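# Survey of secondary and tertiary structure
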Amino acid sequence: CRAVGSQRAHLSSIGKRFQLDDVIEAQQFDRDTLSAIFEVADQMENVEKNLPRSQILKGYIMATLFYEPSTRTRLSFESAMKRLGGEVLTTENAREFSSAAKGETLEDSIRIVEGYSDIIVMRHFESGAARRAAAAAKIPVINAGDGPGQHPTQALLDVYTINREIGKLDGITVGLVGDLANGRTVRSLAYLLAKYDNVKIYFVSPDVVKMKDDIKDYLSSKNVKWEESADLMDVASQCDVVYQTRIQRERFGERIDLYKEARGRYIVNRNVLSVMKENAVILHPLPRLDEITLDVDEDPRAAYFRQAKNGLYIRMALLKLLLLGW
Amino acid sequence: CRAVGSQRAHLSSIGKRFQLDDVIEAQQFDRDTLSAIFEVADQMENVEKNLPRSQILKGYIMATLFYEPSTRTRLSFESAMKRLGGEVLTTENAREFSSAAKGETLEDSIRIVEGYSDIIVMRHFESGAARRAAAAAKIPVINAGDGPGQHPTQALLDVYTINREIGKLDGITVGLVGDLANGRTVRSLAYLLAKYDNVKIYFVSPDVVKMKDDIKDYLSSKNVKWEESADLMDVASQCDVVYQTRIQRERFGERIDLYKEARGRYIVNRNVLSVMKENAVILHPLPRLDEITLDVDEDPRAAYFRQAKNGLYIRMALLKLLLLGW
Amino acid sequence: CRAVGSQRAHLSSIGKRFQLDDVIEAQQFDRDTLSAIFEVADQMENVEKNLPRSQILKGYIMATLFYEPSTRTRLSFESAMKRLGGEVLTTENAREFSSAAKGETLEDSIRIVEGYSDIIVMRHFESGAARRAAAAAKIPVINAGDGPGQHPTQALLDVYTINREIGKLDGITVGLVGDLANGRTVRSLAYLLAKYDNVKIYFVSPDVVKMKDDIKDYLSSKNVKWEESADLMDVASQCDVVYQTRIQRERFGERIDLYKEARGRYIVNRNVLSVMKENAVILHPLPRLDEITLDVDEDPRAAYFRQAKNGLYIRMALLKLLLLGW
């Protein structure tokens, strides 16, 4: 959002103002802000469970402006808004249906939609689109993924989940497994983990989808220890968190052979579970195919469905903070 | 739903618990349960008409998870939820947009969506999908049609309509007309009618879309009298209910000639009306093409639009019962 | 809507009944009704800005039945309904998804949807569809655009914006610029302006998309002075309102050369601004491409984003009037 107009001012007068106007990228959060957001998210678990449900966002409207469909992310945000008593305007195929198809700029579209709503949640296919939208808008904008760029609420919910499950973020050992070249999730997570002390990261991935140098350099510059390994069993035995990801077929084009080879390379199954620490957890941004076998689900260390649910709490917290303040 | 978790328990503590956890198929209802549901549906007519509208489901969220589009069924369920003060999360093209397109299992999808909602209404293209979803879910699941399988709320509203219009279900004579091979509606209706005493059923259909033997055998096993007839006028003169259906073009493939012949074979028009009993009614699951002529609409025995409206009351009743109990 | 049924009667008993049952075309409004609607729209600006937000339409359901997608119009109506506390049922692709695809008549579809809602907002691809829907429906219908026909709420918001910005409608000079052959917006606006006294209209358009004779004849019959001009600078210097429109590429088929020539012909830029009166305004129905340059946006006379926002107030006013009365 560009500025705090007179409307914003009275909308956010309920609590102490949230120091951020928009949620655009994972890096914008410092440790203290993250801790404070996590506390609000903790409260949201009760808000969501108890009846009667909260009405703190009654009368507020969230516009979900999705230029590419992502049902899961959209439903998560919309549930978060409704659990707090707010209303939702939805468009899940803005690229095809909206004025964008006629050649309207993103900035013009935002200036229209901000007239209909109090906060915009935007998914876009172009990196940097969320920043442009926030620059054009007078109301808060949350980035729900902009192409290969950022997906900050996913990164937040990942770190929040680690903190809830392991009880700390300093001093943890994390194994990032699978498609490390194309997954923006693991890239954002690496950025956020670098804010904590004594974190050790293992990269375990097929050769064709290795973690790129920019992240490795960034981690080194922040004194985060990292190591590449081809031995998932060894890594799993040392980690607090095994973060598995899906090999993204759509990135392989016609090289189905390479895709198939990569896809079968590192599977989290009961063998992997058997060497993991008792209090370690397995995370996954979902959807999963067969990179985590179904028989892992029953193990208490399989935390990926709890992780998805935590996304609801994080999004409830962000909506509350951006609209009402602390 | 798999089990009554702690969350379910307090959500459903308002009234006496509904004996069913999910609505998956028409057969799961016995006569007494049907009667009790119909009483609740009767009350819903007042709830829907009076202002201020009911808020008994305020704070509850229904997810409409449609893997194939069905605007009418979706709007009916969503209206039912909103008439009771509840909220709705919608996805009307889950097959294409959601994680299902990336290869996620239905069970995984359900485990995510149940984290965002209190009840799931699902439409799917595969027979048996609703049962699988209910087995995976901790919250109630309502089957809004699963491929050639079941569409139980349609069957319920059909029987409810007959009871409202005719005043009874025992001892009635029903003519099922049109596409009896492909219409899941008439199949489900036949199952439910078999629960009542002294019901007589006539099948009137073109040869290519005759009622299949499984239903005939089932009716015989339940001592329901049934008869095939090619004489719509004769049947109409004897029936309490003439249940007309659309010939489904999409089932004929390239045999347009067969489709056209079947489509014109049995039309409900003013001639048919002229032989019908004074208190008989014409039903149709809609949409209709020309199998009921427009000049029939004005006759008070044309009950198909009232039937559609009854679908709203039945769905309001089921949502109330599954979420709050009796 | 066909008649005031018993349900309508009690729904609209709150205030004095609105004299219109439906909103189908711009011509149905006389000067006095327009003035009165504009007063209600003025009040809606406060309703929309203040917290807690209005709940006057709580318990009412609006069905947005869009047979062709129009995200902007849809979101504007849905925001209007929600800002007044009402609920919304949405279908944004009714042509493809609904029973219409199976051959159901519009009238049958309307009879179903009216059972689920209190008011229908319909967008359709066929001229005259809104009138047919209103004739079939017992509840109010608002035309949100029916093909090349009418888009009355756009016309209302245009006139409302002129009145707010200029302070009057009698005696104004308006320049209609751009695609005057295909834009239903400028056609409806011309109809409405003819209700006011001493209005002067200039038509400025490329030869291939000139204003058609029916409108010119209509204006002449109503004693509205009009003139064609090829000199945008001269017209701009005399006008109170410069109403720019987009050249609609989709109307040119394969004649891209003609489209490109027409598109570049009349651009509103800072040169045009420099000759405009101090209190004049620039309007545009949006979306715009490059027919208004971006550097115009900062000028206070650039009123097109305020115009879009006014659409919200007009639609809030109409929803209030149709459902509750004055």
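About the cut-offs
Residues numbered from 1 in each chain as written. Chains lettered and ligands numbered in written order. Predicted model: local features only at pLDDT ≥ 70, side-chain atom pairs only at ≥ 80, totals over all residues. Heavy atoms only, no water. Pairing = 2+ DSSP bridges. Helix = DSSP H or I, 4+ residues; strand = E, 2+ residues; numbered from the N terminus. Axes fitted to C-alpha atoms, helices over the stretch in contact; angles between N-to-C directions. Contact = heavy atoms within 4.5 Å. Phe/Tyr/Trp six-rings, centres within 6.5 Å; stacked < 30°, edge-to-face > 60°. Buried < 20%, exposed > 50% of the residue type's maximum accessible area, 1.4 Å probe, protein only. Lys NZ or Arg CZ within 6 Å of the ring centre and 35° of its normal. Least-squares fit on C-alpha atoms with pLDDT ≥ 70 in both. Buried area = accessible area lost by both parts, 1.4 Å probe. Salt bridge = Lys/Arg side-chain N within 4 Å of Asp/Glu carboxyl O. Nonpolar A, V, L, I, M, F, W, Y, C, P; charged D, E, K, R; others polar. Core = buried A, V, L, I, M, F, W, Y, C linked by side-chain atoms within 4.5 Å. pLDDT = per-residue confidence, 0-100. Parallel < 35°, antiparallel > 145°, perpendicular 65-115°, else oblique. Expected span 1.5 Å × (residues − 1).

## Comments concerning the sheet that holds strand β4 (residues 141-146) of chain A
Residue and element names in this part refer to chain A. The strand order across the open sheet formed by 4 strands is β2-β1-β3-β4, and the pairing between neighbours is parallel. The open sheet terminates on both sides in strands that have one partner only, identified here as β2 (87-91) and β4. With direction set aside, neighbouring strand axes in the sheet form an average angle of 15°. Of the strand pairs in this sheet, strand β3 (residues 119-124) and β4 are connected by 4 bridges, and their pairing is parallel. Paired with Met122 across the bridge in β4 is Asn143. On top of the sheet, helix α13 (residues 304-324) reaches β1 (61-66), β3 and β4; it is set at about 130° to β3, its chief contact.

## As for the packing of aromatic side chains
Taken as a whole, this structure holds 18 aromatic pairs over all chains when the rule is applied. Here the aromatic rings of Phe38(B) and Tyr160(B) are separated by 5.2 Å at their centres, their planes lie at 45°, and the arrangement is tilted. Taken together, the positions of Phe38(B) in helix α2 (residues 31-49) and Tyr160(B) in helix α7 (residues 152-166) put the pair 122 residues apart, joining distant regions of the chain. Classification of Phe38(B) as buried rests on a relative accessible area of 4%. The ring of Phe77(A) is capped by Arg315(A), whose NZ or CZ atom sits 4.9 Å from the centre of that ring.

## A word on the relation of the copies chain C and chain A
Relative to chain A, chain C is turned by 120° and slid 0.0 Å along the rotation axis, the superposed coordinates differing by an RMSD of 0.0 Å. The transformation relating the two chain copies, once decomposed into turn and shift, fits a three-fold axis. The fraction of interface residues of chain C whose copies in chain A are also interface residues is only 10%, indicating that the copies meet through different surfaces.

## Focus: the interface of chain A and chain B
Contacts between the two partners involve 29 residues from chain A, matched on the other side by 28 residues from chain B. A per-residue breakdown of the area chain A buries against chain B is headed by Arg72(A), Leu75(A) and Lys82(A), which together make up 20% of the total. Inspection of the region where chain A meets chain B yields 6 salt bridges. Between Asp118(B) and Arg83(A) there is a salt bridge, with its nearest N and O atoms 3.0 Å apart. Put simply, the parts of the chain that give the side of chain A that touches chain B at least two residues each are α2 (31-49), α3 (71-83) and α13 of chain A. Looking at the side of chain A that touches chain B, the element that brings in the most residues is α3(A), giving 9 residues. For the side of chain A that touches chain B, the residue count by class is 9 nonpolar, 5 polar and 15 charged.

## A word on the nonpolar core
Residues and elements named next belong to chain C. Ranked by internal contacts, the top residues of the largest apolar core, which has 112 residues, are Ile37 and Leu176. Sorting elements by how many residues they give to this core places helix α13 (residues 304-324) first, with 14 residues. For Ile37, the contacting residues outside a window of four places in its chain are Phe18, Phe29, Leu156, Ile314, Ala317, Leu318, Leu321 and Trp326.

## What about the relation of the copies chain A and chain B?
With an axial shift of 0.0 Å and an RMSD of 0.0 Å, the rotation relating chain A to chain B amounts to 120°. Taken as a fraction of all interface residues of chain A, those also at the interface in chain B reach only 10%, which identifies the copy contact as different-surface.

## Concerning the confidence of the model for chain A
Fine structural detail should not be taken from predicted coordinates in areas where pLDDT scores are low. Residues and elements named next belong to chain A. Of the residues in chain A, 95% reach a pLDDT of 70 or more, and the chain-wide mean stands at 92. For residues 3-14, every residue scores under 50 in pLDDT, and the model assigns this stretch 24 contacts once sequence neighbours within four places are set aside. Both scores are given for the predicted complex: the pTM is 0.94, the ipTM 0.93.

## Examining the packing of helix α8 (residues 184-193) of chain C against helix α9 (residues 213-221) of chain C
Residues and elements named next belong to chain C. In contact at an axis separation of 10 Å, α8 and α9 are set at 10° when each is read in the N-to-C sense. It follows that α8 is roughly parallel to α9 by the angle criterion. Contact with α8, carried on its side by Arg187, Ala190 and Tyr191, involves Asp214, Ile215, Tyr218 and Leu219 of α9 and no other residues of that element. In the contact of α8 with α9, the residues fall into 5 nonpolar, no polar and 2 charged.

## Description of helix α7 (residues 152-166) of chain A
All names here are of chain A. With 15 residues, α7 should reach 21 Å at 1.5 Å per residue; the first-to-last C-alpha distance of 21 Å fits that figure. With 12 of its 15 residues buried, α7 lies for the most part within the structure. Looking at α7, one finds that the buried residues are Pro152, Thr153, Gln154, Ala155, Leu156, Leu157, Asp158, Val159, Tyr160, Thr161, Ile162 and Ile166.

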